[in-house]
Amino acid sequence: IELAGWVVASKDSQGYPFAIMDKAAAQILIFGGDGKLRGAAPALFGSAKGDHIAPGVAGLALREIPGRDRTTPAGRFIGGFGPSIDAGRVLWVDYESAVSIHPMPKGTSKEKRAERLASATPDDNRVTHGCINVSPMFYDEVVKSTFEKGGVFYVLPDKASIAETFPEFAQSRESAAQNGEGARHASGR
């Protein structure tokens, strides 16, 4: 929520819609270009915890991606709809690492993706090869219409710090804390 407030206040998304994806909470929050929340939903993320993008992973077939590299990378990405080799038109979060947001694929009953998405706990929502999966209904009703012309995607880290992942946000928090501290001293408190 703090990051969303900063995105709006700093105009970091430059008026484009944006999404904040929290891997630890297994949740995605979608905001319009005006900064208003358009929707929130559970999501599935990469099966491996980590924030890195493995070199060359975008050129591999899904079955060829080593388990340790099935991460959803952390960071700020500018993305939009575009073609993919095997899935038609997708919403690319980061084209370079081949990470997209898409509805939960059909034929994933072996992985129990629907059950994982519906569970009350985020502990079982790590199952993808790195992409972000949401329910088909949420995708159709919120994601597609919000990101028609692209947007900005903020993926919170698993292991890295917020300061490493979003340095401008971290600096603004430090400045706000220092200014708040200075204001208290100036007023004699």
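Along each chain, residue indices are assigned from 1 in the same order as the chain's sequence is written. Under the rules for a predicted model, residues below a pLDDT of 70 receive no local features and side-chain atom pairs below 80 are neither given nor counted, while totals for whole chains, interfaces and linings still include all residues. To obtain the side-chain values, all non-hydrogen atoms of the structure were included, while hydrogens and water were left out.

A.B. asks: Explain the overall build of the chain here, please?
C.D. replies: Strands here mean DSSP runs of E at least two residues long; helices mean DSSP runs of H or I at least four residues long; both are numbered from the N terminus. Counting its regular elements, the chain contains five helices and 10 strands. Any two residues whose heavy atoms approach within 4.5 Å at even a single point are treated as in contact. Counting contacts in the chain only where the partners sit at least 6 residues apart, residues at least 24 apart contribute 60% of the total. All accessible-area figures derive from a Shrake-Rupley calculation using a 1.4 Å probe, and residue coverage is judged against the displayed protein chains alone. As displayed, the chain has an accessible area near 10400 Å², and 53% of this comes from carbon and sulfur atoms.

A.B. asks: What exactly am I supposed to notice about the pairing of strand β5 (residues 75-84) here?
C.D. replies: Regular strands place side chains that alternate from one sheet face to the opposite one. The criterion for strand pairing is that DSSP finds at least two bridges linking the strands in question. Inspection of the sheet shows β5 paired to strand β10 (residues 151-155) by five bridges, in the antiparallel sense. Directly across from Gly75, in β10, lies its bridge partner Val155. Sheet topology places β5 next to strand β6 (residues 88-94); five bridges connect them, and they run antiparallel. Following the sheet pairing, Phe81 is matched in β6 by Leu91.

A.B. asks: Would you mind going over the layout of surface pockets with me for this structure?
C.D. replies: If you roll a probe as big as a water molecule over the atoms, it shows you where there is empty space left. Computed from the structure, the second largest pocket encloses a volume of approximately 180 Å³. For each structure, a 1 Å grid was placed over the protein atoms alone; sets of points admitting a 1.4 Å probe that cannot get out are labelled cavities, open sets with protein on both sides within 12 Å along at least five of seven lines are labelled pockets, and lining residues have an atom within 4 Å of a point. Along its surface, the second largest pocket is lined by Ile1, Glu2, Leu3, Ile20, Asp22, Gln27, Leu29, Leu156, Ile162, Phe169 and Arg173. Those elements giving two or more residues to the lining of the second largest pocket turn out to be α1 (2-10), β1 (18-22), β2 (27-31) and α5 (167-186). As a working rule, the residues Ala, Val, Leu, Ile, Met, Phe, Trp, Tyr, Cys and Pro are called nonpolar, Asp, Glu, Lys and Arg charged, and the rest polar, with Gly in that last group. Considering only residue class, the lining of the second largest pocket consists of seven nonpolar, one polar and three charged. Grid points are joined across faces, edges and corners, and a volume is the space filled by probe spheres set on the points.

A.B. asks: Before we go on, may I ask you to explain the side chain of Ser100 in this structure?
C.D. replies: In this structure, Ser100 sits in strand β7 (residues 99-103). In this view, Ser100 contacts Val90, Leu91, Trp92, Val93, Cys131 and Ile132; residues no more than four positions away in its chain are not counted.

A.B. asks: Sorry if this is basic, but what is going on with the pairing of β7 here?
C.D. replies: Counting buried positions along β7 gives four out of five residues, so the element sits mostly inside the fold. Strand direction decides the pairing type here: β6 and β7, joined by three bridges, are antiparallel. Counterpart to Asp94 in the pairing with β7 is Val99. In textbook terms, the turn of a hairpin is the stretch between consecutive antiparallel strands, and for β6 and β7 this stretch comprises four residues, one of which, Ala98, has a positive phi near 60°. With three bridges connecting them, β7 and strand β9 (residues 132-134) associate as parallel partners. Bridging from a neighbouring strand, Pro103 pairs with Val134 of β9. Each residue's exposure class comes from its accessible area (1.4 Å probe, protein chains only) as a fraction of the maximum for that residue type: buried when under 20%, exposed when over 50%, partly exposed otherwise.

A.B. asks: Is there a simple way to think about α1 in this case?
C.D. replies: An α-helix turns once every 3.6 residues. As a result, residues three or four positions apart point the same way. Every buried residue belonging to α1 is among Leu3, Ala4, Trp6 and Val7, and all of these are buried. For α1, the arc enclosing every buried residue in end-on projection is 160°, short of the 170-degree limit, so these residues lie on one face. Counted as exposed and oriented over 90 degrees from the buried face of α1: Glu2 and Ala9. Just downstream of α1 lies Lys11, where phi reads positive at about 60°. This arc is built from the directions going out from the helix axis to the C-beta atoms.

A.B. asks: Explain the packing of aromatic side chains to me, please; I cannot follow it from the model alone.
C.D. replies: Two aromatic rings are characterised by how far apart their centres lie and by the angle between their planes. Note on aromatic contacts: the rings of Phe and Tyr and the six-membered ring of Trp form a pair at centre separations within 6.5 Å, being stacked when their planes are under 30 degrees apart, edge-to-face when over 60 apart, and tilted otherwise. Scanning all chains against the criterion turns up six aromatic pairs. Ring plane angle 80° and centroid distance 5.0 Å describe the contact between Trp92 and Tyr95, whose orientation is recorded as edge-to-face. With a relative accessible area of 13%, Trp92 lands in the buried category. Considering the side-chain rings of Phe147 and Phe153, the 4.9 Å spacing of their centres and the 40° angle between planes classify their relative orientation as tilted. Its relative accessible area of 0% is what places Phe147 among the buried residues. Judged by relative accessible area, which is 0%, Phe153 ranks as buried. Taken together through their ring pairs, the aromatic side chains of Phe18, Phe31, Tyr154 and Phe166 make up a single cluster.

A.B. asks: Even after reading the chapter, I still don't get the environment of Ala170, so can you show me in this structure?
C.D. replies: One can find Ala170 in helix α5. Owing to a relative accessible area of 11%, Ala170 belongs among the buried residues under this scheme. Along the sequence, Ala170 and Leu3 sit 167 residues apart, while their C-alpha atoms lie 9.4 Å from each other.

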